[in-house]
Amino acid sequence: MSHVGADLMAGHRGAVKDAPGFNAGRDADALRKAMKGIGTDEDSLINILTQRSNSQRQLIAKEYLSACQKELKDDLKGDLSGNFEHLMVSLILPPAVFDAKQLKKAMKILYNAGEKKWGTDEDKFVEVLCLRSFPQLRLTFDEYKNLCNKTFEESIKSEMSGSLEDLLLAIGFGAGTDEFTLTRIMVSRSDIDLLDIRMEYKKLAGESLYAAIKSDTSGDYGEALLKLCGGDD
């Protein structure tokens, strides 16, 4: 999987765009230094990974592997934890791999009275199937087959029931913050149409997405999300 899939994700309404003067080798070296030795320089990780487009992040990961003989995602997993780790690792996944993982999580197998049944998170199906182009979906389905050892078509035959939830309500509104959904939306839409999502969120919620993230999240995870958000409205 190259950064071809990432290029397909490019959009004009993303909050995160190609960084000018980009140098993948320099960024890879900076990431290595940020995780070298005792302690981790979280600010450097945030400033690099949230301020590069997905296609640029794929090039950084490639350079990191070449220079360190280790996968960037593995080092991030080893140095970080919790929601911050999930966000940083998600940022460097190729879009098709990220989507395939979301689909796999969406189709968790449930066991009821010894009988195998499927349970579906319809949000993720809507996110992936309705908001991706056909070339993107082909890449995603290939990755899904690699992950699950079966085609997506085989898995989906008896799926899709129940009500659909509004993905923009992942923050607040009584039940607390759903960090998993929040991470998924911010990662998958940051390059594409997050500016439009920010606009719609303010109409729905009466406050900016930036303000909601600031009040509902904290630490390095919150700081990284704010950088991805790109600004207040």
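Residues numbered from 1 in each chain as written. Predicted model: local features only at pLDDT ≥ 70, side-chain atom pairs only at ≥ 80, totals over all residues. Heavy atoms only, no water.

> Would you mind going over the overall build of the protein chain with me for this structure?
Broken down by element type, the protein chain carries 14 helices and two strands. When the 233 residues of the protein chain are sorted by exposure, 45% land in the buried category. Partitioning the intrachain contacts of the protein chain with sequence separation of at least 6 by distance along the chain shows that 70% fall at a separation of at least 24. In the structure as shown, the protein chain presents an accessible area of about 11900 Å², 50% of it carried by carbon and sulfur atoms. (Helix = DSSP H or I, 4+ residues; strand = E, 2+ residues; numbered from the N terminus. Buried < 20%, exposed > 50% of the residue type's maximum accessible area, 1.4 Å probe, protein only. Contact = heavy atoms within 4.5 Å. Areas by Shrake-Rupley, 256 points an atom, 1.4 Å probe, with all protein chains shown as cover.)

> Just to check I follow, could you spell out the nonpolar core for this structure?
When a protein is soluble and globular, its nonpolar side chains tend to lie buried together. Ranked by size, the top nonpolar core spans 42 residues in total, and within it Leu31, Leu49, Leu72, Leu76, Leu87, Met88 and Met186 carry the most contacts. In contact with Leu87, other than residues within four places in its own chain, are Thr183, Val187, Tyr221, Ala224, Leu225 and Leu228. (Core = buried A, V, L, I, M, F, W, Y, C linked by side-chain atoms within 4.5 Å.)

> I would appreciate a short explanation of the pattern of salt bridges in the present structure.
Should their charged atoms come close, side chains of opposite charge can pair. The full count for this structure, using the stated rule, is seven salt bridges. For Asp74, the salt bridge is made with Lys73, and the minimal N-O distance between the two is 3.6 Å. Asp74 sits in the partly exposed class, given a relative accessible area of 41%. Note that Arg189 and Asp193 form a salt bridge whose closest N and O atoms lie 2.9 Å from each other. (Salt bridge = Lys/Arg side-chain N within 4 Å of Asp/Glu carboxyl O.)

> Explain a positive patch on the surface here, please?
Taken together, Lys77, Lys101, Lys104 and Lys105 make up a surface patch of like positive charges. The greatest single-element share of the positive patch, amounting to three residues, is contributed by helix α7 (residues 95–106). Within the secondary structure, Lys104 sits in helix α7. Lys104 sits in the partly exposed class, given a relative accessible area of 41%. (Patch = residues over 30% accessible without salt bridge, like charges linked within 9 Å, V, L, I, M, F, W, Y side chains within 5 Å. Lys, Arg positive; Asp, Glu negative; His and termini not counted. Charge placed at Lys NZ, Arg CZ, Asp CG, Glu CD.)

> Would you take a moment to explain helix α13 (residues 209–216) for this structure?
Because an α-helix completes one turn every 3.6 residues, residues spaced three or four positions apart along the sequence face the same direction. Those residues of α13 that fall on the buried side of the exposure criterion are Leu209, Ala212 and Ile213. Down the axis of α13, the buried side of the element spans an arc of 100 degrees, and every buried residue falls inside it. Summarising the geometry of α13, the exposed residues directed more than 90 degrees from the buried face are Lys214 and Ser215. (Arc of directions from axis to C-beta.)

> Please explain the environment of Pro20 as it appears in this structure.
Take Pro20: it is sitting in the loop between α1 (4–8) and α2 (24–35). It is 9.2 Å that separates the C-alpha atoms of Pro20 and Arg52, two residues lying 32 residues apart in sequence.

> Honestly, the confidence of the model for the protein chain in this entry has me stumped. Any pointers?
The predicted coordinates should not be examined in detail at positions where pLDDT is low. Model confidence for the protein chain is summarised by a mean pLDDT of 77, while 71% of its residues fall at 70 or above. Taken element by element, the predicted model of the protein chain shows its lowest mean pLDDT in α1 (42) and its highest in α2 (96). A low-confidence stretch, residues 1–10 (pLDDT under 50), is modelled with 24 contacts involving residues beyond four sequence positions or located in other chains. Low pLDDT (under 50) marks residues 158–171, which in the prediction has 37 contacts with non-local residues, meaning those over four places away or in another chain. (pLDDT = per-residue confidence, 0-100.)

> Explanation requested: the environment of Phe84 in the structure shown.
Within the fold, Phe84 resides in helix α6 (residues 82–92). Look at Phe84 and you get buried, because its relative accessible area is 7%. Filtering out sequence-adjacent residues up to four positions away, Phe84 remains in contact with Glu42, Ile46, Asp220, Tyr221 and Ala224.

> Sorry if this is basic, but what is going on with unusual backbone geometry here?
Its identity is not glycine, yet Gln69 carries a phi of approximately 55 degrees, on the positive side. Topologically, Gln69 is positioned in the loop between α4 (54–68) and α5 (72–79).

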